[in-house]
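# Structural overview for review
Take a look at the letters that make up each chain.
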Amino acid sequence: MSDQLTLSIVGSGGDGAVAAGDILAMACARNGLHVIKTEAYGPQIRGGESSCTVRVSARPIYSQADTIDAIVVFSWADFARFRSELVLAAGAVVLHEADDPAPEEVKNAVPVPFTKLSRELGAPAGKNVLALGMLGTLFGLPVEAIRTAVKRRFGKKAQAVQDANLRVFDAGVEKAAELGIATTKLTYTAGAPRLVMSGNEASAFGAIDAGCRFFAGYPITPSSEILHMLGEWLPKLGGTCLQTEDELSAIGAVLGASFAGVKSMTATSGPGLSLMSEMLGLGSIAELPSVIVNVQRGGPSTGIPTKSEQSDLFHAVFAGHGDMPRVVIGATDVEDAYHATVDAFNIAEEFQVPVILLSDQLIGQRRETIDASAITHDVKERRLAHPEDLEEFRRYRETPDGVSPMSIPGVAGGMYQTNGLEHDERGRPSSMFLMHEKMNAKRYRKLDAIAKKYPLFKRYGAADPELGILCWGSSSGAVREAIDVLNARGARVAAFVPQMLEPLPAAELQKFVDSCENVLVVELSFAAQFHQYLRTKVDLPRTKTRVYARSGGRSLSVSEVIAEAARSLPTAKLEEVLA
Amino acid sequence: MTCEAVYTPNSYKTDLKPVWCPGCGDFGVLNSLYRALADLKCEPHDTVVVSGIGCSSRLPGYVETYGFNSLHGRALPIATGVKLAAPDLTVVAVGGDGDGIAIGGNHFLHSARRNLDIAYIMMDNEIYGLTKGQAGPTTPIGDKTKSTTYGNPDEAVDPCGLAIAFGASWVARGFSGDIKGSTELMKQAVAHKGFAFLNIMSPCVTWRGDDQFKELRAKVRAIAPEHDKTSREAAQRFCNEKGVITTGVLYEVKTPTLVDEMLDIRWRAQGDAPLPQRDDILATFLPKT
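These numbers were taken from a predicted model, which means no experiment stands behind them. (Residues numbered from 1 in each chain as written. Chains lettered and ligands numbered in written order. Predicted model: local features only at pLDDT ≥ 70, side-chain atom pairs only at ≥ 80, totals over all residues.)

### Brief notes about the interface of chain B and chain A
Of the residues lining the interface, 44 residues belong to chain B; the matching set on chain A comes to 54 residues. Of all elements in the fold, only strand S2 (66-69), helix H2 (75-85), helix H4 (105-113), helix H9 (258-270) and helix H10 (278-283) of chain B reach the threshold of two or more residues within the side of chain B that touches chain A. Considering each element in turn, the side of chain B that touches chain A owes the most residues, eight residues, to H2(B). (Contact = placed C-beta atoms within 7 Å. Helix = DSSP H or I, 4+ residues; strand = E, 2+ residues; numbered from the N terminus.)

### Comments concerning the environment of B:Asn152
All names here are of chain B. Within the secondary structure, Asn 152 is located in the loop between strand S4 (119-124) and helix H5 (159-166). C-beta crowding within 10 Å serves as the criterion here: with 18 such atoms nearby, Asn 152 is assigned to the partly exposed category. Considered as a pair, Asn 152 and Gln 134 are 18 residues apart in the sequence and their alpha carbons are 9.7 Å apart. Among all residues touching Asn 152, those that are not within four sequence positions of it are Ala 135, Thr 139, Pro 140, Ile 141, Gly 142, Asp 143 and Thr 145. (Buried ≥ 20, exposed ≤ 12 C-beta atoms within 10 Å, placed from the backbone.)

### Details of the sheet that holds strand S8 (residues 214-217) of chain A
All names here are of chain A. Strands sit in the order S9-S8-S10-S11-S13-S12-S19 across an open sheet of seven strands; the sheet is mixed. Of all the strands in the sheet, the pair left with one neighbour each is strand S9 (240-243) and strand S19 (500-502). This sheet shows a mean twist of 20 degrees between the axes of neighbouring strands, independent of strand direction. Note: strand S11 (residues 290-296) against strand S13 (residues 354-360), seven bridges, orientation parallel. (Pairing = 2+ DSSP bridges. Axes fitted to C-alpha atoms, helices over the stretch in contact; angles between N-to-C directions.)

### Details of unusual backbone geometry
The omega angle of the peptide bond from A:Thr221 to A:Pro222 is 5 degrees, so this bond is cis rather than trans. Here A:Pro222 lies in the loop between S8 and helix H8 (224-233). Following A:Gly299, the chain continues into A:Pro300 via a peptide bond in cis, with omega recorded as 5 degrees. Backbone geometry at B:Lys41 places phi at a positive 55 degrees, although glycine is not the residue there. Secondary-structure assignment places B:Lys41 in the loop between helix H1 (26-39) and strand S1 (47-51).

### Examining the packing of helix H1 (residues 17-30) of chain A against helix H5 (residues 143-153) of chain A
Residues and elements named next belong to chain A. Close contact between H1 and H5 brings their axes to 9 Å; oriented N to C, the two are set at 130 degrees. Relative to H5, the element H1 lies oblique. Crossing handedness for the pair H1 and H5: right-handed. Here Ile 23, Leu 24, Met 26, Ala 27 and Arg 30 of H1 come into contact with H5, specifically with Ala 145, Ile 146, Ala 149, Val 150 and Arg 153. By residue class, the composition of the contact of H1 with H5 is eight nonpolar, no polar and two charged. (Parallel < 35°, antiparallel > 145°, perpendicular 65-115°, else oblique. Left-handed = near helix turned anticlockwise from the far one by under 90°. Nonpolar A, V, L, I, M, F, W, Y, C, P; charged D, E, K, R; others polar.)

### Structural notes on the domain arrangement of chain A
All names here are of chain A. One can read the domain layout of chain A as domain 1 (4-179), domain 2 (196-374), domain 3 (387-453) and domain 4 (457-578). When each unit is reduced to the centre of its C-alpha atoms, the spacing between domain 1 and domain 2 is 34 Å. Taken residue by residue, the interface counts ten residues in domain 1 and seven residues in domain 2. Elements represented by at least two residues in the side of domain 1 that touches domain 2 include exactly H1 and strand S2 (34-41). At six residues, S2 tops the list of elements feeding residues into the side of domain 1 that touches domain 2. Classifying every residue of the side of domain 1 that touches domain 2 by side-chain character gives seven nonpolar, two polar and one charged. (Domains from an automatic or database assignment.)

### Things to note about the environment of B:His227
Tracing the chain through its elements places B:His227 in the loop between strand S7 (220-222) and helix H8 (232-236). Sequence separation between B:His227 and B:Leu250 is 23 residues; the distance between their C-alpha atoms is 7.9 Å.

### Considerations on the sheet that holds strand S5 (residues 170-175) of chain B
An order of S15(A)-S2(B)-S1(B)-S3(B)-S4(B)-S6(B)-S5(B)-S8(B)-S7(B) is seen for the nine strands of this open sheet, with the pairing classed as mixed. Only two strands of the sheet have a single partner each, and these edge strands are strand S15 (417-419) of chain A together with S7 of chain B. Across the sheet, the mean angle separating the axes of adjacent strands is 20 degrees when strand polarity is ignored. Pairing of S1(B) with S2(B), which is carried by four bridges, proceeds in the parallel orientation. When the bridges of S2(B) are listed, B:Ser51 appears paired with B:Asn69.

### As for helix H17 (residues 529-537) of chain A
Residue and element names in this part refer to chain A. By the burial criterion, the buried members of H17 are Gln 529, Phe 530, Tyr 533 and Leu 534. The buried residues of H17 occupy an angular sector of 130 degrees when projected down its axis, which confines them to one face. Next to the buried residues of H17 lie helix H11 (313-318), strand S17 (467-470) and strand S20 (518-523). (Arc of directions from axis to C-beta.)

Take a look at the structure:
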């Protein structure tokens, strides 16, 4: 009996590995289980190898599992290509295509005539359905819900095709019983259905919920799903989604639409953010609200487009010439991608600044169950000019918090010229030192106000930590699970995860650091960008700080965090927690 | 702005004094724009003038409307956002030849092919003026400039030829020395439904010499009234001409604008159905029973 398990399916294009994973995830979510589903592909656009991994759990989960409890292998050659990502647990159940003999090093592999059986039953492409019937039965998954999902999947096909696939599914159920292999069944109580969303979809929905009605973007992996979803829904909502000629144009159109009074967003990945850097500065000096979602991937340059990394932090926080206030938020998981997107709009609109939302491939493209009731968030609006502001209107008037009333085209008396040139309170170009100093101070005051109003961070674990872990973004999932394991074994570990990265909640972070006997910084950036950045903002004593920073391209595992954390614990504890 | 002042050229003037050199062709363009806006009775607060960077891109500051002086080469993306967000606004983009064809050339192509419903006025002086005299995309081949000590190695492009090839639905050429003619062309450009491209030869007396006005004036010929404006081939014959500069409307067709297309997309997406609610969207992520 177990309250969670992880299943993988690997094969070539046409084997239906990813489709099977989808069906499995949806059926489990239907029964109220928690699910995290990830996919991996070879470089081919179509027909290449693919793998799909589904973690199913009766309790909340925050990360993929480190190891796989059961895998279906349609082709060993394809399995070999994902070797470093598909780590089998000791005693893992391996079902493989009988026509393709298992390599010697894989023990206890069970041959199954997937192709032969499904062909005999009249569904030549149904081997993934056969696998679903087997996996569902072997591991105590909601078989009826999976069967219904299969039926729905083939609902639009001819009746004969649907019937054949259901026959194949039922044969899978029988076949599993025949095998007589011992498996650990999932124990769970069925609950209300959960939403299944990717981080990119959660960001897109967050934008819609925040009132975004203009999106301009240029396709780039791994962010394009945001463009796709907003391209479908914004027109229905009376909004506009434009695919531009490049990222310069995308963010330019966003600033233009925002100037005209519409909440606007673009989404991209590292290379696109690089191109947008000059426009970020324009948005900052012109004080136009804008939201830029950056779904990070391996860099630099083209890097690894399909895999996650946390190495755009410096770029997000520092990109651009000149003194340029901007806000950077790091989403921690799929659900948080929704909240962080609405927060990004709220801050952009209230404070008239560019807000960069850092997500990454692991958040953006994994699908995860979410409780629908968690998907709500307050929405804020921009400070528009009132009639009294419009007498002798000064668009960039000095105010205590640096935010000046904004007028939009169409408003009589609100006319002004916005400008990438330094300007006076009315927006007229100025090259005078005193004006530059005054306007810089005004623009930077907004960051102080934002830091006070939005000290966004999460804190997990022990109240009196002997070890405090500092991390951000998607790394927090594995860190959170590691902390639960460590603390269950008697350690006192906590984590501080700033979602607001600029302006950083430095006071809260400093307090946390001071409360920890030891500190461990964990991140997926070879150059340890997060650690370096923290050093510019808080006092991180070298004598008690260790850093675990490595390249992205493989997601952070829970055991990796446990091992690193253990090294920061007293020796006696170390043996205890690693036992 | 007081009501009685509206709709005269003077009412579109701001209190800013242009930074341009005495004798600059851009003064003529600015004066033509004041007249065109007044003649068309453009409501100042419903008008947005957008620019990039360069001498000519300073223009929005001198026009009493909403204005956006953006980045080098990026006037058109900004104008795209403004127009799509608020289609009822009159949007005029202005800038130089370097801004629009060199650094911003890609946006020129795509704004034209989308038939973005704006007027785009290019002040063409065949030089980079603000950076003090380097060769630009319309500088004739062989010309010696600050950046081409031994002569410009690049063939000049004709902005109107590009606009026609890119799919602009209205293309014209004017001369800043002819304020009356330029005003007429600007009025048509602003009134045109779709991407209206107006290239105005606007001499740079500082970096192209005092004689540029005279030389241009000698070459300018008004287009023949019988010219077939609907023919791309006929229009292209007035591009890259040698020794002559033909002014007037070279090309004009009626095609759906980007705003039309976007409205049509909304209709295709939603039709008469009520606006979707957030729960309708969330429901698409709920596993089906």
